[in-house]
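Residue-level structural notes
If you want the building blocks of each chain, they are given just below.
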Amino acid sequence: MQYMSIAGCSKPISKVIKGTDYLQVATYELNREQLDQFVEIGGNTVDTAHIYTGGESETVLGRYVEERNLRQELVIFTKGGISSLKRDVLHAEIQTSLERLRTDYIDLYALHRDDASLTVGEIVEMMNEYIDSGTIHAIGVSNWTPTRLLEANRYAAEHGLVGFTFNSPNLSLAKPKEPYWNGVLYVDEEMASMHENTMLPCLSWSPLARGLFSGRFSPDAITDKDIARVFYSDDNWAKYDRAEKLAAEKGLSTAEIALAYVANQSYPTAIIAGARTMEELQSCVRAMGLKLSTEEVAWLEQGSQST
């Protein structure tokens, strides 16, 4: 397992982060087995959110961590504020998350969306109250524009406050034609430039473009309308073909090459993986440890108009 660091969190962050947006109380025994496998391969960072499975994801994770007595070892990464960042709304969500997770602190907390009704100063000052109290150790964002994120961190620096120390957008070899869900963002040229200039860690959700690189889809067959709506394009299928060719040369899977692309950016990256079997987890770990040359990364990025 590869690890990275995030300012504010004293624990290392596994570069394969366990995604848990499917955990349910009714399937706890199965979920526990999947989490055990993740820990077995060296994973220590688990992603969840206030809204996942109506709160059951956090509930299952909290029970698991308590049963296995792993609170000191695991990094809990949760998110909130998807509808509003107003003080009373966010406070209620954080308190609920703490109760579900059966903990008195959150290692990594990301604001799931921005809230244009508030200034960055108001948001940063509010989040620093949670840092000062020890309730949250490191703060980050998901689906914030580079402009707002940089503005927030400038405000923090100018006022002696703690800024956002990680970002969690979508980063994958395939680029979406439109958002998969309303308001979500991906790493485009502007965001990539921000990460390169700041070296802010990027924790990517959906690094395989909702499974586009899994081999389950093809350009001449639409089996999932949302996947087709967002990711079916000449450029993305050209990237798929390149990943498939490079995978064959290296004796790896197309998915592993697509994940290795995320791992081999010029700034720190980790993937949030929904892998549910030991084989899938091991494949993710293998991919995140794979070194690609600068030329290979550039070649993978070339679209359908390149030769």
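Our subject in this report is the structure included herewith. (Residues numbered from 1 in each chain as written. Predicted model: local features only at pLDDT ≥ 70, side-chain atom pairs only at ≥ 80, totals over all residues. Heavy atoms only, no water.)

With that settled, consider helix H5 (residues 146-158). With 13 residues, H5 should reach 18 Å at 1.5 Å per residue; the first-to-last C-alpha distance of 18 Å fits that figure. Where H5 terminates, the next one or two residues include Gly 160, which has phi positive at roughly 65°. (Helix = DSSP H or I, 4+ residues; strand = E, 2+ residues; numbered from the N terminus. Expected span 1.5 Å × (residues − 1).)

Core analysis: the biggest nonpolar cluster contains 85 residues, and Leu 111, Phe 164, Leu 212 and Phe 213 have the highest contact counts within it. For Leu 212, the residues in contact, after removing those within four places along its chain, are Ala 174, Phe 217, Ile 227, Phe 231, Tyr 232, Asn 236, Trp 237 and Tyr 240. In this structure, Phe 77, Phe 166, Trp 205 and Ile 272 belong to the second largest nonpolar core, which totals 16 residues. (Core = buried A, V, L, I, M, F, W, Y, C linked by side-chain atoms within 4.5 Å. Buried < 20%, exposed > 50% of the residue type's maximum accessible area, 1.4 Å probe, protein only. Contact = heavy atoms within 4.5 Å.)

It is worth spelling out unusual backbone geometry at this point. Even without glycine at this site, Arg 102 takes up a positive phi of about 55°. Classification of Arg 102 as partly exposed rests on a relative accessible area of 44%. Of note in the backbone geometry, Met 199 takes a positive phi value of approximately 60° without being a glycine. Considering the arrangement of structural elements, one finds Met 199 in the loop between helix H6 (189-198) and strand E9 (202-205). Looking at Met 199, the relative accessible area reads 41%, which means it is partly exposed.

With that settled, the discussion passes to the pairing of strand E5 (residues 75-80). Counting buried positions over the 6 residues of E5 gives 6, a clear majority of the element. Side chains Val 75, Phe 77 and Lys 79 of E5 all project onto a buried face; the interleaved residues Ile 76, Thr 78 and Gly 80 project onto the opposite face, where all are buried too. Across 3 bridges, strand E4 (residues 45-47) lies against E5 in parallel orientation. Looking at the pairing, Val 46 lines up with Ile 76 of E5. For the segment spanning E4, helix H2 (residues 56-68) and E5, crossover handedness is right-handed. In this structure, E5 lies alongside strand E6 (residues 106-111), joined through 4 bridges in parallel fashion. What sits directly across from Gly 80, in E6, is Leu 111. Crossover connection from E5 via helix H3 (residues 87-101) to parallel E6: handedness right-handed. (Pairing = 2+ DSSP bridges. Right-handed = clockwise from strand over helix to strand, strands pointing away.)

For the pair H5 and H6, the least separation of the axes is 10 Å and the interaxial angle reads 30°. It follows that H5 is roughly parallel to H6 by the angle criterion. Contact residues: H5 offers Pro 146, Thr 147, Leu 149 and Leu 150, while H6 offers Glu 190, Met 191, Met 194 and Thr 198. (Axes fitted to C-alpha atoms, helices over the stretch in contact; angles between N-to-C directions. Parallel < 35°, antiparallel > 145°, perpendicular 65-115°, else oblique.)

So, on to the state of the cysteines. Taken as a whole and assessed by the stated rule, the structure comprises 0 disulfides. For Cys 202, which is in no disulfide, the shortest distance to another cysteine sulfur is to Cys 284 and amounts to 16 Å. Classification of Cys 202 by relative accessible area gives buried; the value is 0%. Overall, Cys 284 belongs to the buried group, its relative accessible area being 8%. (Disulfide = S-S within 2.5 Å.)

Let us now look at the side chain of Arg 148. By the element assignment, Arg 148 lies in helix H5. Here the side chain of Arg 148 touches Asp 114 through a polar contact of 2.7 Å, side chain to side chain. Once you skip the residues sitting within four places of it in the chain, Arg 148 turns out to touch Asp 114, Asp 115, Ala 116, Leu 118, Thr 119, Val 120 and Ile 123. (Polar contact = N/O pair within 3.5 Å; in protein donor to acceptor, adjacent residues only side chain to side chain.)

Taken as a whole and assessed by the stated rule, the structure comprises 14 salt bridges. Among the ionic pairs, Arg 102 bridges to Glu 66, the shortest N-O distance being 2.6 Å. On the criterion of sequence distance, the pair formed by Arg 102 in the loop between H3 and E6 and Glu 66 in helix H2 is long-range, its members being 36 residues apart. On the basis of relative accessibility, which here comes to 48%, the residue Glu 66 falls in the partly exposed class. Here Arg 229 and Asp 226 are joined by a salt bridge, their closest N and O atoms 3.2 Å apart. You can see Arg 229 and its partner Asp 226 sitting in helix H7 (residues 225-231), 3 residues apart, about one turn around the helix. Residues joined by salt bridges that share partners form a network here, namely Lys 11, Arg 71 and Asp 107. (Salt bridge = Lys/Arg side-chain N within 4 Å of Asp/Glu carboxyl O.)

Applying the stated rule across the entire model yields 7 aromatic pairs. Between Phe 77 and Phe 166, the ring centres sit 5.5 Å apart and the planes meet at 90°, which makes this aromatic pair edge-to-face. Taken together, the positions of Phe 77 in strand E5 and Phe 166 in strand E8 (residues 166-167) put the pair 89 residues apart, joining distant regions of the chain. Judged by relative accessible area, Phe 77 falls into the buried class, the value being 0%. Overall, Phe 166 belongs to the buried group, its relative accessible area being 0%. Ring geometry for Trp 237 and Tyr 240: centres 5.6 Å apart, planes at 65°, overall edge-to-face. Remark: Tyr 240 and Trp 237 occur in helix H8 (residues 234-250); sequence separation between them is 3 residues, near one turn of the helix. The exposure class of Trp 237 is buried, given its relative accessible area of 10%. Given a relative accessible area of 9%, Tyr 240 falls into the buried group. Seen from the ring of Tyr 28, Arg 63 lies directly overhead, with NZ or CZ sitting 3.7 Å from the centre. (Phe/Tyr/Trp six-rings, centres within 6.5 Å; stacked < 30°, edge-to-face > 60°. Lys NZ or Arg CZ within 6 Å of the ring centre and 35° of its normal.)

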